[in-house]
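Structure at a glance
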Amino acid sequence: MIRKTTFDSVFSFLMKRDSLLTAFFRENLYKKQSMGFLIFSTGTSWQVQRWMQMLLGEARCRDLCSNGNSICIAALFFNYLHRHCQKYYTGSGASTAENPELCCLILLEYIRQNYASVSLAELSRTFHYSPSFLSKMIHRQAGISFGEFVQKQKLEHGETLLKTTGYTLQEICEIIGYDSCAHFSRTFKKRYGLSPSEFRKQRQKAADAPSETRI
């Protein structure tokens, strides 16, 4: 168990993010509305297993170091969920039905994690709402249409891959869900003012430029 005061002082970084985990803590700690529980699909992750073992060990130890150690382990665990756990289920469907804002936050997080292949038809089957209702909900929360929101996720992830990997343009298109490299290039240039190749060359040139040394 984590005290609310401890959460406020140590885990405040969670509340600065727009995610399902953030919504869970906000609803349960600050709005006094029970979201039930979350189930994250972690597979056979050895990190999660190890952290759970360590937390149980610290709970049994109860010495002067156990509280600080537990906080550090919990921080690693929460960050891991943010970064790696893409599939989740809520254990309290009633709470999301009674809280449209929370339901929409979960919906947007699902799109972020499945942007490469997600469709309104899939969302309709997963969340049990009509496509037209989902479109209105997304536009109301995100300020843009479903298609624009998905495109935004694709372009932002494409930008990251261009910056941080050596993947070819074709490989990047396959990863982010574009069937056509020409379509991706046109859309990317419209948003960033440069083609993907020009963007990568500019980033590489900036990285290779010698830094100034001041005395």
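Above this text is the structure in question.
All values reported here derive from a predicted model rather than from experimental measurement.

Among the nonpolar cores identified, the biggest contains 15 residues, and Leu107, Ile111, Val118, Leu123, Ile138 and Phe146 are the most heavily contacted of them. Broken down by secondary-structure element, the contributors of at least two residues to this core are α6 (100-113), α7 (120-127), α8 (131-142) and α9 (146-164). Filtering out sequence-adjacent residues up to four positions away, Leu107 remains in contact with Leu123, Phe127, Leu134, Met137 and Ile138. One finds Leu155, Ile172, Ile176 and Phe188 within the second-largest nonpolar core, a separate group that totals twelve residues.

It is worth spelling out the packing of aromatic side chains at this point. As enumerated under the stated definition, the model contains eight aromatic pairs in all. Ring centres 5.6 Å apart and planes at 75 degrees place the aromatic pair Trp51 and Tyr80 in the edge-to-face group. Linking Trp51 in helix α3 (residues 46-61) with Tyr80 in helix α4 (residues 66-84), this pair joins segments that are 29 residues apart in sequence. As far as the burial class goes, Trp51 and Tyr80 line up, both buried. Lying over the aromatic face of Tyr178, Lys154 brings its terminal NZ or CZ to 5.1 Å of the ring centre.

Rules used in this analysis
Residues numbered from 1 in each chain as written. Predicted model: local features only at pLDDT ≥ 70, side-chain atom pairs only at ≥ 80, totals over all residues. Heavy atoms only, no water. Core = buried A, V, L, I, M, F, W, Y, C linked by side-chain atoms within 4.5 Å. Buried < 20%, exposed > 50% of the residue type's maximum accessible area, 1.4 Å probe, protein only. Helix = DSSP H or I, 4+ residues; strand = E, 2+ residues; numbered from the N terminus. Contact = heavy atoms within 4.5 Å. Phe/Tyr/Trp six-rings, centres within 6.5 Å; stacked < 30°, edge-to-face > 60°. Lys NZ or Arg CZ within 6 Å of the ring centre and 35° of its normal.

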